[in-house]
Amino acid sequence: MSNWINKINELKEYNQVCVGIDPIPNELKKIGFEDVYEWCSFLIENTSEFTSIYKFQFAYFEEWGMHGYESLRKILNYIQKNFPEKILIGDGKRSDIGSTADAYAKAMYDYWQFDVATINPYLGSDSITPFSERNGAIILCKTSNNSSGQLQNIISQKTRKTIYESVIEIVNNNNINDNLGLVVGATFPEELRKIRSENLKIPLLIPGIGYQGGDSKLILDAAKGEGYNIINSSRGISFPNDKISNKSEYSDFILKSIKSLNEDIYRSR
């Protein structure tokens, strides 16, 4: 059984750039791509030297229908063959219980062969166990969206903990194989600082830098600790604000964006 924690432990730095692969139809057309696989392979070819982690957002592949699924299968095969050391995250936020949760875990790990998947914990431990018994999971904790506090910051009158803190407790209790991580958004640096300071070693997937407003320097300072921080950038690396007239200009944009984020990480050490 592959173990994403083993792969991440082989990386030298605690802070790692993760390239989010979001094949948004309108954005691909703006930069001159009509084929999902062609765009994915172009993005990977231009970033593979500068990242060890890729995150695939299922929703945007599903938006393309069967073409999206076929392209996802093809690009995963390509990476697994040519870059087996890369960590592949299946960002589908799956969640259910019993045999259905087990089916989700089998799909993510046996069929798609991701190293790890994101899941929603709001069905409790039953939604986590089928994943923790296999490769593990990265579990939604304090997410980057503006309305996340409507649920995640509610304080229980019984425990005096927020819901996101209760999620951390559930994750820690289910982390018997040391293969679980947390999703903590870059748009909430104070919560991130608190979570990292109280959970020094658990890996954190940190989305929301750039397009969603997360400041990389502020986030890197808040996330300091002994645990691995997976600093995800999707649209910030993939899609320029200015019009791109050819693939050479697009390649330059990708390289400039990922190098800039890596430089921020280097300076934060």
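Our subject in this report is the structure included herewith. Since the model is a prediction, treat every value here as computed from it, not as a measurement.

Criteria and thresholds
- The written sequence of each chain sets the order in which its residues are numbered from 1.
- Only residues with pLDDT of at least 70 get local features here, since the model is predicted, and only at 80 or more are side-chain atom pairs given and counted; chain-wide, interface and lining totals rely on the full set of residues.
- Side-chain measures were taken over the full set of non-hydrogen atoms in the model, leaving aside hydrogen atoms and water.
- For helices, the fitted axis covers only the stretch in contact; all axes are lines through C-alpha atoms, and the angles between them, taken along N-to-C directions, range from 0 to 180 degrees.
- Secondary structure elements follow DSSP: runs of H or I no shorter than four residues count as helices, runs of E no shorter than two count as strands, and numbering proceeds from the N terminus.
- Just so you know how the angles are binned, under 35 degrees is roughly parallel, over 145 roughly antiparallel, 65 to 115 roughly perpendicular, and the rest oblique.
- Whether a crossing is left-handed or right-handed is set by the direction in which the near helix is turned from the far one by less than a right angle, anticlockwise for left-handed and clockwise for right-handed.
- Any pair of residues with heavy atoms lying within 4.5 Å of one another is described as a contacting pair.
- A pair of strands counts as paired when DSSP detects no fewer than two bridges linking them.
- Definition used for salt bridges: Asp or Glu carboxyl oxygen within 4 Å of a side-chain nitrogen of Lys or Arg.
- Buried residues are those whose accessible area, probed at 1.4 Å on protein chains only, stays under 20% of the maximum for their type, while exposed residues exceed 50% and partly exposed ones sit between those limits.

Points about the packing of helix 3 (residues 36-47) against helix 13 (residues 247-267)
Packed helices, taken two at a time, are described by their axes: the angle between them and the distance between them. Following both chains from N to C, one finds helix 3 and helix 13 inclined at 50°, their axes separated by 9 Å at the closest point. Classified by the angle their axes make, helix 3 and helix 13 are oblique. The way helix 3 lies across helix 13 gives a crossing that is right-handed. From helix 3, E38, W39, F42, L43, N46 and T47 reach across to helix 13, where they touch K247, Y250, S251, I254, L255 and I258.

Things to note about the environment of T162
Of note, T162 is situated in the loop between helix 8 (149-152) and helix 9 (163-174). T162 sits 10 residues away from Q152 along the chain, and the two C-alpha atoms are 6.6 Å apart. Beyond its immediate chain neighbours, meaning those up to four positions away, T162 contacts Q152, N153, I154 and I155.

Details of the sheet that holds strand 5 (residues 137-142)
Sheet architecture is closed into a barrel: eight strands sit in the order 1-2-3-4-5-6-7-8, paired in parallel fashion. With direction set aside, neighbouring strand axes in the sheet form an average angle of 30°. Note: strand 4 (residues 116-119) against strand 5, two bridges, orientation parallel. Residue pairing across strands places T118 opposite I138, the latter belonging to strand 5.

Looking at the pattern of salt bridges
Under the counting rule described, the total for this entry stands at 15 salt bridges. A salt bridge links K55 to D91; the shortest N-O distance between them is 2.8 Å. In this pair, K55 is assigned in strand 2 (residues 53-57) and D91 in strand 3 (residues 87-94), connecting sequence segments 36 residues apart. Judged by relative accessible area, which is 5%, D91 ranks as buried. The closest approach of N and O atoms between R94 and E62, which form a salt bridge, is 3.6 Å.

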